[in-house]
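Okay, here's what each chain looks like letter by letter:
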Amino acid sequence: MGTDFVVLSLVPLAIGILVCVSCALLGNFLVLRRQSLIGDAVSHVVLPGIVGAFIVTGTVAAGAMLLGAGIAAVLAVLLIEIVRRVGRVEPGAAMGVVFTTFFAAGVLLLEQSDTSSVHLDVEHALYGNLESLIWLAGSAGWAALLDPAALAALPPQLPRLALVTFAVVLFLLVFWKELVIGTFDATFAESVGARPGPVSFALIVMVAVAAVAAFDAVGSIIVIAMFICPPASARLMTDRLVPQLAWSVVFAVVSAIAGYVLAGYGPLWLGAAYSVSAAGMIATVAGLILALACLAGPRRFGTRTAARRRRPPPRRASHHQSSISNSLQV
Amino acid sequence: MSTPTLIADNGRTLGESHPDSPLAVNGLTVSYGEKPVLFSIDFVVPKGAMVAIVGPNGAGKSTLIKAALGIVPRIAGEVTVFGAPYEKARHRIAYVPQRASVDWDFPATVRDVVLMGLYREIGFLRFAGRRHRERALACLERVGMAAFADRQIGQLSGGQQQRVFLARALAQEADLYVMDEPFAGVDAATERAIIAVLKELNGAGKTIVCVHHDLATVPDYFDHVLLVNVRKIADGPVATTFTSHNLQATYGGRLAAAHVEEVAVGREAAGEGR
Amino acid sequence: MMAFLTALALGAGYNTALVTIGAAILGGSAGAIGTFVLLRKRSLVSDAVSHGTLPGLALAFILMALLTGDGRNIVALMVGAAFSAALGLFCVEWITRRTRLTEDAAIGAVLSVFFGFGIVLLTVIQSLQTGGQAGIAGYLLGSTAGMLRSEAETIAVAALATGAAIFVLRRPFTLVCFDEGYAATRGIDVRLTDLAMMGVLLAVTVIGLKVAGLVLIVALTIIPPVTARFWTDRPERMVLIAAAFGAAAGYVGAAISASDRGLPTGAVIVLTAAAFFAVSLVLSPVRGLMSGLATRLRFQRRVHERQGLLALARGEAIYDPLTIKVLRRAGHIRADGVATLEGRAAAAAAVREEALWGLYRRLHPDEAGALDHQGLAPIATALPPDVVADLAARLEPADTGVR
């Protein structure tokens, strides 16, 4: 049992947890800035970047893919800003125009290029294949964790995601004050030189990095779910920012573990002889947690009165968008 | 008229012409597309003055201070703060945005917001320490909000929120306070508390610039006034500038002549209404 | 190329022609309803709706597979998709209303969770001992290849029905988008109208699933309306233009897709729409990139020229390097900063213009406020000659002097 777990489940679980935690941490700021859907947009635009990198380099090497995806993400953010400003449309619509176009381009590129030899298809891009990331060298059981040769044979996604999670934590620590001030009051932030524009752009770059790194392992849908569901649930639990981040990490870890276990063993418990998509199940569990938080979270109503709770005032959303654009002009 | 030369005293800059002015603005123009929001505003704030920026809705009052502080891009014009470009004098300004411009449901306490005023002092890569917390508390004390330090900001009333914003500005220990509608939607007690703090600051030699919407209180609260409606209509001491003629020119047909007469002439009118 | 032209002329077989026409009607309907949704600032709600269809699709497939042995019944799939999308829409509304979360978070949460759960159900389907599993995958990215005749007919008829619904409801939709309060005073139930709007959006999404796929159908409700925005500011025209762009994208895209292998219908339709958008973004004379940039530069120069001339007339210092450059280029000043003869004449003219405009603003503040250019246009071109003559007559000599 122990050996089976180490070989089959340890790495997917660890990767799932890392993806969920890194996305959820950044997601707190996206939710507070009313930019939740940036995560959605970025994880869609990654597809043409990855396919483009494959066409250019002819390999599925991680470095090229990550670079291609990163370039596509930054390009998309720039385009969203241009569409929003020139067309004077709401940020959501500008985002919708750009990310669907990018995704369509990715789908077309994929169909047009010969990717049959490599593991690259749209379904994979959408929901990944977490279960396939097994660690054959872990056949020695838990002892393998101490064996350098076995460790060297770990799926490369694991160290990569560990690095990204570390980078996310570092980013939040270094720019904590700037992120908080810029999120709460961007005009004030501008006036004290906290550079809200560049900082929001950096946040989006980090979102892209997290999405791109996670994408390869788990697909885009879980990434979107993790950017939004744990932070949104956490927001309904507390009125303080640091506890909110802590709650979001807890929810992310619970979603990852419970989702993975339910996907692998749930159908067996129900008497079926197959397992279901772990990525899909993790998103489902995150959604269930959010549903519970919506129904019973102690701070679910926030401090707004019922009358004002209807729809967000548009000015703040656009405000942050404009601070992004300021940074883009630099 | 002598032959006009372009650059007065060849090569002097705006800052050199007004080295002491906390805020000097020359030819400031802001536009959205081809519609100017502000057109060619020239304005020099005297040191130690208490200035009201007055004008009808949509006259560009808020845009004026945002453009002066570099928050909104301008298409023409120069601005200096204490004789230097804004970026170099940032630490000498405390800017208080409109209360309604932020989401008060943000997960932060009153103290957290005031600590934002210490942003420059805390410095890069550092977090607020005990000293900063005490400073924040002292600023809250000055606006009568010390008891609320650990309260979530969304639980405050409008007046209390404005006091917190003022405390944040106090924490900046600036020489110029630029405030956008500090009295909008606050209760009478808060209005008195805020003006008391502003007068105290003014007494200590600080300069105050407020976008202000209540004409009746202008003569009571301020000593200088800038009347704008896209263009500058007039500026100067309240006694000579805040006249019914100038107000009529600022507000046009939108303000009944009788009302203009009342607020411009009668200082006592300010006291009666409240 | 020949294949494309044949398909464009509806000559590539009955099914292909039907699909092409269906895609055009669908694109038109999506563009029209998308415009209303855009004007209500709720474009990305359609993203939640489209992703929200997946669990319903999958459940309907499983149900039909268990009952009949084949899950590919387009009507059942559409009904299932509509039900779960409606549930998703309800969740978005409920979360936005009943919790502190904002609409963007609600949309993102619903779309990712519904989609994730849908993926779980898809893996269940893959393990079912039944045929047609591949059929369901077509709904993810859209595929019209090998579409059954009955399916194509269903799509075309349903798309036509939504188009008719939009036509019937266009008045209340427009009113509610334009001015909610006014619509209410005219006896229109705003909530009901919003609900109808979302209902039509849902219908268009569900019908379009098979053609464009659920990841991309949202593009058809967003891109054409945003494109239309570059050509007009008037809501009625915007709806028509968006519908036209949407229909053209559907028609051309479906024809291209039918002309060769490896051209997925959804992606090609979306890219066709995106091409229309890109052209509009750059070239639109109303608010395109080119004209916007040119206008801004021209306006900035005019402002600087006017300011410089006024400063010249008043003998004031000019600090701004751009002002100096503009004046020098126009020949108003010499390299050493001294005004030329022409410059002094222009300065005097500018002062007079300013004085006339100032007088106009004083005498007619409301009319002056309604003007867009705040007195930068020559007064003789902006106002009727009799008004200008009247102003000139009233102008006091002091007004043209140094203030």
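Residues numbered from 1 in each chain as written. Chains lettered and ligands numbered in written order. Predicted model: local features only at pLDDT ≥ 70, side-chain atom pairs only at ≥ 80, totals over all residues. Heavy atoms only, no water.

The name given to chain C in an unreviewed UniProt entry is ABC-type Mn2+/Zn2+ transport system, permease component, with the source organism recorded as Chelatococcus sambhunathii. Of chain C, the UniProt comment under Subcellular location (unreviewed entry) reads exactly: "Cell membrane". (UniProt positions renumbered as here; feature names shortened; annotations may be inferred.)

Under an unreviewed UniProt entry, the name given to chain B is Manganese ABC transporter ATP-binding protein, and the organism recorded is Chelatococcus daeguensis. For chain B, the Sequence similarities (unreviewed entry) comment in UniProt is given as "Belongs to the ABC transporter superfamily."

Peer 1: Looking at this model, I keep getting lost on the overall build of chain B. Mind explaining?
Peer 2: A count of helices and strands for chain B gives 13 helices and 9 strands. Looking at chain B as a whole, 57% of its 274 residues are labelled buried. Contacts spanning at least 24 positions in sequence make up 67% of the contacts within chain B whose residues lie at least 6 apart. A total accessible area of about 10,800 Å² is found for chain B, and carbon and sulfur atoms account for 50% of it. (Helix = DSSP H or I, 4+ residues; strand = E, 2+ residues; numbered from the N terminus. Buried < 20%, exposed > 50% of the residue type's maximum accessible area, 1.4 Å probe, protein only. Contact = heavy atoms within 4.5 Å. Areas by Shrake-Rupley, 256 points an atom, 1.4 Å probe, with all protein chains shown as cover.)

Peer 1: How do you make sense of the interface of chain C and chain A when you look at a structure like this?
Peer 2: Accessible area lost upon the coming together of the parts is a frequently used measure of interface size. With 63 residues of chain C at the interface, the matching set in chain A holds 64 residues. With both chains or domains summed, chain C and chain A bury close to 5,300 Å², and 72% of this area falls on carbon and sulfur atoms. By the criterion of area lost to chain A, the three top residues of chain C are Leu44(C), Arg100(C) and Asp104(C), representing 14% of everything that side buries. On inspection of chain C and its partner chain A, the count reaches 1 salt bridge. Of all the secondary structure elements, the ones that give two or more residues to the side of chain C that touches chain A are helix 3 (45–68), helix 4 (74–98), helix 5 (103–127), helix 6 (133–141), helix 10 (217–229) and helix 12 (265–283) of chain C. Per-class residue counts for the side of chain C that touches chain A are 36 nonpolar, 13 polar and 14 charged. (Buried area = accessible area lost by both parts, 1.4 Å probe. Salt bridge = Lys/Arg side-chain N within 4 Å of Asp/Glu carboxyl O. Nonpolar A, V, L, I, M, F, W, Y, C, P; charged D, E, K, R; others polar.)

Peer 1: Just to check I follow, could you spell out the domain arrangement of chain C for this structure?
Peer 2: For chain C, the domain assignment lists domain 1 (2–284) and domain 2 (290–400). With centres defined by C-alpha atoms, the gap from domain 1 of chain C to domain 2 of chain C works out at 53 Å. (Domains from an automatic or database assignment.)

Peer 1: Before we go on, may I ask you to explain the packing of helix 3 (residues 62–87) of chain A against helix 10 (residues 196–218) of chain A in this structure?
Peer 2: To characterise two packed helices, one gives the angle between the axes of the helices and the distance between these axes. Residues and elements named next belong to chain A. Interhelical geometry of helix 3 versus helix 10 gives an angle of 140° and a closest axis separation of 10 Å. Handedness of the helix 3/helix 10 crossing: right-handed. Two secondary-structure elements touch here, helix 3 through Leu-66, Ala-69, Gly-70, Ala-73, Val-74 and Val-77 and helix 10 through Phe-201, Ile-204, Ala-208, Val-212 and Ala-213. Tallied by class, the residues present in the contact of helix 3 with helix 10 amount to 10 nonpolar, 1 polar and no charged. (Axes fitted to C-alpha atoms, helices over the stretch in contact; angles between N-to-C directions. Left-handed = near helix turned anticlockwise from the far one by under 90°.)

Peer 1: Help me understand the sheet that holds strand 4 (residues 76–80) of chain B in this model?
Peer 2: The 3 strands lie next to each other as 2-1-4 (chain B), forming an open sheet whose pairing is antiparallel. The two strands at the open ends of the sheet, each matched to only one other strand, are strand 2 (35–45) and strand 4 of chain B. Here the strands of the sheet are splayed against their neighbours by 20° on average, with no regard to which way each runs. As judged from the 7 bridges shared by strand 1 (residues 23–32) of chain B and strand 2 of chain B, these two strands associate in the antiparallel manner. Each bridged residue has a counterpart across the sheet, and for Val25(B) the counterpart in strand 2 of chain B is Phe43(B). Together, strand 1, strand 2 and strand 4 of chain B form the strand contacts of helix 2 (residues 61–68) of chain B, whose direction differs from that of strand 1 of chain B by roughly 115°. Helix 13 (residues 289–314) of chain C contacts strand 1, strand 2 and strand 4 of chain B of the sheet and is inclined by roughly 145° relative to strand 1 of chain B. (Pairing = 2+ DSSP bridges.)

Peer 1: Please clarify how the pattern of salt bridges should be interpreted in this entry.
Peer 2: Oppositely charged side chains are able to pair whenever their charged atoms sit close together. Tallied over the entire structure, the rule returns 27 salt bridges over all chains. For the salt bridge of Glu134(B) with Arg130(B), the shortest nitrogen-to-oxygen distance reads 3.9 Å. Of this pair, Glu134(B) and Arg130(B) both sit in helix 6 (residues 130–142), 4 residues apart, which is roughly one turn of the helix. Through salt bridges with shared partners, a single ionic network connects Arg235(A), Asp239(A), Arg299(A), Asp105(B) and Arg100(C).

Peer 1: How should I be thinking about the nonpolar core in this particular structure?
Peer 2: One broad rule of soluble globular proteins: the nonpolar side chains tend to lie buried together. Counting residues in each nonpolar core, the largest one holds 260 residues, and the members touching the most others are Ile15(A), Leu26(A), Phe227(A), Leu198(B), Ile33(C) and Val226(C). Setting aside residues up to four positions removed in sequence, Val226(C) forms contacts with Val83(A), Val89(A), Ala93(A), Val97(A), Leu38(C) and Phe277(C). If you look at the next biggest cluster of nonpolar residues, it comprises 31 residues, including Val25(B), Ile41(B), Ile53(B) and Val209(B). (Core = buried A, V, L, I, M, F, W, Y, C linked by side-chain atoms within 4.5 Å.)

Peer 1: Hey, could you run me through the pairing of strand 4 of chain B in this one?
Peer 2: Consecutive side chains along a regular strand alternate between the two faces of the sheet. All names here are of chain B. The buried fraction of strand 4 amounts to 4 of the 5 residues, a majority that puts the element mostly inside the structure. Where strand 1 lies against strand 4, 4 bridges are found, and the strand directions are antiparallel. Among the inter-strand pairings, Ala-24 is bridged to a residue of strand 4, identified as Thr-80.

Peer 1: Explain helix 2 (residues 14–39) of chain C to me, please; I cannot follow it from the model alone.
Peer 2: Owing to its 3.6 residues per turn, the α-helix brings residues three or four apart onto one side. All names here are of chain C. Here helix 2 contains 26 residues, and its C-alpha end-to-end distance of 37 Å stays within 8% of the 38 Å for a straight helix at 1.5 Å per residue. Counting buried residues in helix 2 gives 20 out of 26 residues, a clear majority hidden from the surface. Looking one or two places after helix 2, you find Lys-41, whose phi comes out positive at around 60°. (Expected span 1.5 Å × (residues − 1).)

Peer 1: Quick question: what am I supposed to make of the UniProt feature "transmembrane region" (unreviewed entry) in chain C here?
Peer 2: All names here are of chain C. Taken from the UniProt record, the annotation "transmembrane region" (unreviewed entry) applies to residues 12–39, 51–68, 74–95, 107–125, 155–175, 195–226, 238–257 and 263–283. Annotated as residues 74–95, this span is 100% helix and 0% strand, and its ends, taken at the C-alpha atoms, are 31 Å apart. With 100% helix and 0% strand, residues 155–175 has end C-alpha atoms that lie 30 Å from one another.

Peer 1: So what exactly am I meant to see when it comes to unusual backbone geometry here?
Peer 2: Negative phi characterises most residues that are not glycine, and trans characterises most peptide bonds. Residues and elements named next belong to chain B. If you check the backbone angles, Phe-82 has positive phi at about 50° while not being a glycine. Even without glycine at this site, Val-230 takes up a positive phi of about 65°. Structurally, Val-230 is set in the loop between strand 8 (224–229) and strand 9 (231–237). Take Val-230: its relative accessible area is 8%, and that puts it in the buried class.

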